[in-house]
Amino acid sequence: TERTLILVKPDGVERGLTGEILRRAETKGYRIAELKQLRASTEQLAAHYAEHEGKPFYQPLVDFMLSGPVVAAILEGDRVIEGFRSLAGTTEPTTAAPGTIRGDLGRDWGEKVQKNLVHGSDSVESAEREIGIWFG
Ligand code: GTP
Ligand code: MG
């Protein structure tokens, strides 16, 4: 079995989609091992998005993630890292496939502020690192 770190981003929480997003993960068969709502700190976001530092969307992304509460969860299951990213869909919601979280529920994507509802770790190494950031 494997673990991944997911975040319902501020747009997802604000739109009341937390339950829908978690339902999709649970219906797929993943187990919620940990779950909490919190306001992210700048330190958590600097660590979480370190790979994007210096890119043009970095600061708008951090500001967006600070704009409201997020829901953090640890999901468990066989190949859950790949499986949750498949449920989430590709990065840009306008073109994400229908059937995915971003494709079904998302639309807003700007030059600066990107609202794509969820984050999911992209590798075993990222998952363990990100679980440390959000669940200490
Ligand atoms: P996460 O699950 O949130 O990590 O999304 P991802 O893995 O699909 O995307 P990535 O890790 O490449 O980027 C992290 C976040 O930065 C994305 O979810 C977007 O919110 C934002 N982002 C990524 N690429 C771009 C871009 O080219 N332009 C803009 N404006 N935002 C971007
Ligand atoms: Mg990513």
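Only a predicted model underlies this, so the values are computations on that prediction, with no experimental measurement involved.

Caption draft 1: Quick look at the pattern of salt bridges. A complete count under the given rule lists 7 salt bridges for this structure. R23 is paired through a salt bridge with E20; the nearest N and O atoms lie 3.1 Å apart. With R23 and E20 both in helix α2 (residues 18-28) and 3 residues apart, the pair spans about one turn of that helix. R23 sits in the partly exposed class, given a relative accessible area of 42%. A salt bridge links R24 to E20; the shortest N-O distance between them is 2.8 Å. Within this pair, R24 and its partner E20 are both found in helix α2, separated by 4 residues, close to a single helical turn. The structure contains a network of salt bridges with shared partners spanning E20, R23, R24 and D104.

Caption draft 2: Expanded view of the packing of aromatic side chains. For the structure on display, the rule yields 0 aromatic pairs. Above the ring of F135, the side-chain terminus of K36 is found at 4.6 Å from the ring centroid.

Caption draft 3: Quick look at the site of ligand 1. The local shell around ligand 1 holds 16 residues, among which K9, T91, Q114, N116 and H119 are the closest. One of the side-chain nitrogen or oxygen atoms of K9 is found 3.0 Å away from an oxygen atom of ligand 1. N116 is positioned such that a nitrogen or oxygen atom in its side chain is 2.8 Å from an oxygen atom of ligand 1. Contact with the protein chains covers 80% of the free accessible surface of ligand 1, which is 580 Å².

Caption draft 4: Highlighting the sheet that holds strand β1 (residues 2-8). Here 4 strands make up an open sheet; going across it, the order is β2-β3-β1-β4 and the pairing antiparallel. The sheet is open, and its two borders are formed by β2 (31-38) and β4 (118-120), each paired with just one other strand. Here the strands of the sheet are splayed against their neighbours by 15 degrees on average, with no regard to which way each runs. One ladder, built from 3 bridges, connects β1 with β4; its direction is antiparallel. Bridge pairing in β4 links L7 to H119.

Caption draft 5: Up close: the environment of A97. Relative to the helices and strands, A97 is located in the loop between α5 (80-88) and α6 (101-105). Under the relative-accessibility criterion, A97 is labelled partly exposed at 41%. With 53 residues separating them along the chain, A97 and Q44 place their C-alpha atoms 30 Å apart.

Caption draft 6: Up close: helix α4 (residues 58-66). Of all the residues in α4, the buried ones are Y58, P60, L61, V62, F64 and M65. As for α4, its buried residues are in contact with β1, α1 (10-14), α3 (42-48) and β3 (70-77).

Caption draft 7: Structural view of the side chain of N116. Inspection of the secondary structure puts N116 in the loop between α6 and β4. Judged by its relative accessible area of 3%, N116 falls in the buried class. In terms of polar contacts, N116 uses its side chain to reach the backbone carbonyl oxygen of T91, at 3.0 Å. Not counting chain neighbours up to four residues away, the residues in contact with N116 comprise K9, D11, T91, P93, R102 and W109.

About the thresholds
Residues numbered from 1 in each chain as written. Chains lettered and ligands numbered in written order. Predicted model: local features only at pLDDT ≥ 70, side-chain atom pairs only at ≥ 80, totals over all residues. Heavy atoms only, no water. Salt bridge = Lys/Arg side-chain N within 4 Å of Asp/Glu carboxyl O. Helix = DSSP H or I, 4+ residues; strand = E, 2+ residues; numbered from the N terminus. Buried < 20%, exposed > 50% of the residue type's maximum accessible area, 1.4 Å probe, protein only. Phe/Tyr/Trp six-rings, centres within 6.5 Å; stacked < 30°, edge-to-face > 60°. Lys NZ or Arg CZ within 6 Å of the ring centre and 35° of its normal. Near = heavy atom within 4 Å. Polar contact = N/O pair within 3.5 Å; in protein donor to acceptor, adjacent residues only side chain to side chain. Areas by Shrake-Rupley, 256 points an atom, 1.4 Å probe, with all protein chains shown as cover. Pairing = 2+ DSSP bridges. Axes fitted to C-alpha atoms, helices over the stretch in contact; angles between N-to-C directions. Contact = heavy atoms within 4.5 Å.

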